[in-house]
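Residues per chain are reported as follows:
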Amino acid sequence: MPDPLPSLASTHSWREQLRDAVTDPDELLRALGLRRQDVDCGADAARQFALKAPHSFIRRMRRGDPADPLLRQVLASAQETLPQAGYVDDPVGETGAANPRPGLIHKYRGRVLLIVSGGCAVHCRYCFRRHFPYADNQVGRAQWRDALAAVRADDSIAEVILSGGDPLVATDAQLAALVAEIAAIPHVRRLRVHTRLPVVIPDRVTAGLLEAIQAPRLRTVMVLHSNHANEIDDTVRAAVTALRAAGVEVLNQAVLLAGVNDSVDAQVALNECLFDSGITPYYLHLLDPVRGAAHFDVPRETALALQSAVRARLPGYLVPALVREEPGADAKVVLG
Ligand SMILES: *Cc1c(COP(=O)(O)O)cnc(C)c1O
Ligand code: SF4
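Procedures and definitions
Residue numbers here run from 1 along each chain, matching the order of that chain's written sequence. Chains carry letters from A onward and ligands carry numbers from 1 onward, assigned in written order. For this predicted model, a pLDDT threshold of at least 70 governs which residues receive local features, and a threshold of 80 or more governs which side-chain atom pairs are given and counted, while totals over whole chains, interfaces and linings are taken from all residues. Working from all heavy atoms in the structure, the side-chain values ignore hydrogens and water. Each domain span listed reflects an automatic or database assignment of domains. Contacts are assigned to residue pairs with any non-hydrogen atoms lying within 4.5 Å of each other. Summed over both partners, the accessible area (1.4 Å probe) lost when two parts come together is defined as the buried area. The rule for a salt bridge is simple: a side-chain nitrogen of Lys or Arg has to be within 4 Å of a carboxyl oxygen of Asp or Glu. Each polar contact in these results corresponds to two N or O atoms within 3.5 Å; when the atoms are within protein, one needs to be able to donate a hydrogen and the other to accept it, and residues that are neighboring in sequence are counted only if both atoms are side-chain atoms. By definition, any uninterrupted DSSP run of H or I lasting at least four residues is a helix, any uninterrupted run of E lasting at least two residues is a strand, and each is numbered from the N terminus. Side-chain classes are defined by residue name, with Ala, Val, Leu, Ile, Met, Phe, Trp, Tyr, Cys and Pro counting as nonpolar, Asp, Glu, Lys and Arg as charged, and the others, Gly among them, as polar. Between rings of Phe, Tyr and Trp, where Trp is taken as its six-membered ring, a pair exists when centres lie within 6.5 Å; planes separated by under 30 degrees are stacked, by over 60 edge-to-face, and by other angles tilted. Buried means the residue's accessible area, taken with a 1.4 Å probe over protein chains only, is under 20% of the maximum for its type, while exposed means over 50%, and partly exposed covers the values in between. By nonpolar core we mean a set of buried residues, namely Ala, Val, Leu, Ile, Met, Phe, Trp, Tyr and Cys, connected to one another through side-chain atoms within 4.5 Å.

Each assigned domain of the chain is listed here: domain 1 (14-81) and domain 2 (96-334). Centre-to-centre, using C-alpha coordinates, domain 1 lies 23 Å away from domain 2. Each partner contributes to the interface: domain 1 provides 28 residues, whereas domain 2 provides 34 residues. Of the roughly 2600 Å² buried at the junction of domain 1 and domain 2 (both faces included), carbon and sulfur atoms supply 56%. Our count for the contact surface shared by domain 1 and domain 2 stands at three salt bridges. Connecting domain 1 to domain 2 are 20 residue pairs in polar contact (both at pLDDT 80 or more). Going through the elements one at a time, α1 (14-19), α3 (43-48), α4 (55-58) and α5 (69-74) are the ones with two or more residues in the side of domain 1 that touches domain 2. With five residues, α5 is the single largest residue contributor to the side of domain 1 that touches domain 2. Looking at the side of domain 1 that touches domain 2, its residues break down into 16 nonpolar, six polar and six charged.

Shown next, in the form of structure tokens:
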């Protein structure tokens, strides 16, 4: 198969771009022409959950703008380390009964989530898994074998979701081996990949990846994670075009974030831009109350009003479902 992105591919491979991601707040600020005193920068917070942003993502930030919506998603804030009542380490109930084996989360009927990797290409400050015990969910071949045995033994499971961290941090060869095993389980019909990598480092969508995530028996769905129209540029569009040409269904989930995308205009622009780029809006999540993320919270009433206003401006198929994760519920709870 020819390389799907010959004209847009950068001279650095996606793995080099991942390795060269910026982790030093001062380097990030310098790249944007900002000084420490211009921004809310939390050194302690960055020690607890490191800053991480690849150059390909930083290039989409506006220079000299401390309020840039992409910068705000990655720059550690001093507010993260303030006491935050009601904000906890495991806001969605993923440990305990829902995490029966390392690397496997089974909360909803018919679908299981496989933690393929603890790593990500970008560290999102609002991430609900920022305190997830990845160390106890180390995924090597032995754990996959164990998790897949559980899937094989439960014929109510029709869909396997590769998640993380970001599952596309794994190599094409690792993914191909995993997908081949999943495809060999007769009752699994759908493969889903939850990933932010094609948005953050679009070069991740290689011919090898397209091959790895396909299997004759399975339909493959990719759920991207993008929160703002400025994240979607021509390199992302080219990656999505390649995914769709390979037969992958491409959806998006976003998180409603104060100071990032909590306006009607931002939501309208995001959903229109996604659709123009071949991506169908799927979910808009309310923030999970994870410790360190309180400054991103949008109150429920505000979110509902925003959702109505967006509905008044867009066709129904461009409005994602506004959802919230509730520990113990049998599905995500749809609001509005
Ligand atoms: C969100 C989620 C799913 C998928 O839910 P859908 O409504 O099918 O998108 C599955 N398992 C877990 C643990 C989840 O958090
Ligand atoms: S890419 Fe996803 S899992 Fe990784 S830090 Fe961001 S929100 Fe969390």
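Attention now goes to unusual backbone geometry. Peptide bonds are trans in most cases, and residues, glycine excluded, mostly fall at negative phi. Here the amide bond leading from G164 into G165 is cis, since omega sits at 20°, within 30 degrees of zero. Structurally, G165 is set in the loop between β3 (159-164) and α7 (172-183).

Glancing now at the packing of aromatic side chains. For the coordinates displayed, the defined rule picks out three aromatic pairs. With centroids separated by 3.9 Å and ring planes inclined at 20°, the aromatic side chains of Y282 and Y283 adopt a geometry described as stacked. For Y282, a relative accessible area of 25% gives the class partly exposed. Since its relative accessible area comes to 16%, Y283 is described here as buried.

Moving on to the nonpolar core. Grouped together as the largest cluster of nonpolar side chains are 89 residues, with contacts concentrated most on L28, M61, L114, L162 and I182. Structurally, this core is a two-domain feature, drawing no fewer than three residues from each of domain 1 (14-81) and domain 2 (96-334). Residues I105, F132, Y134 and I161 belong to the second largest nonpolar core, which totals seven residues.

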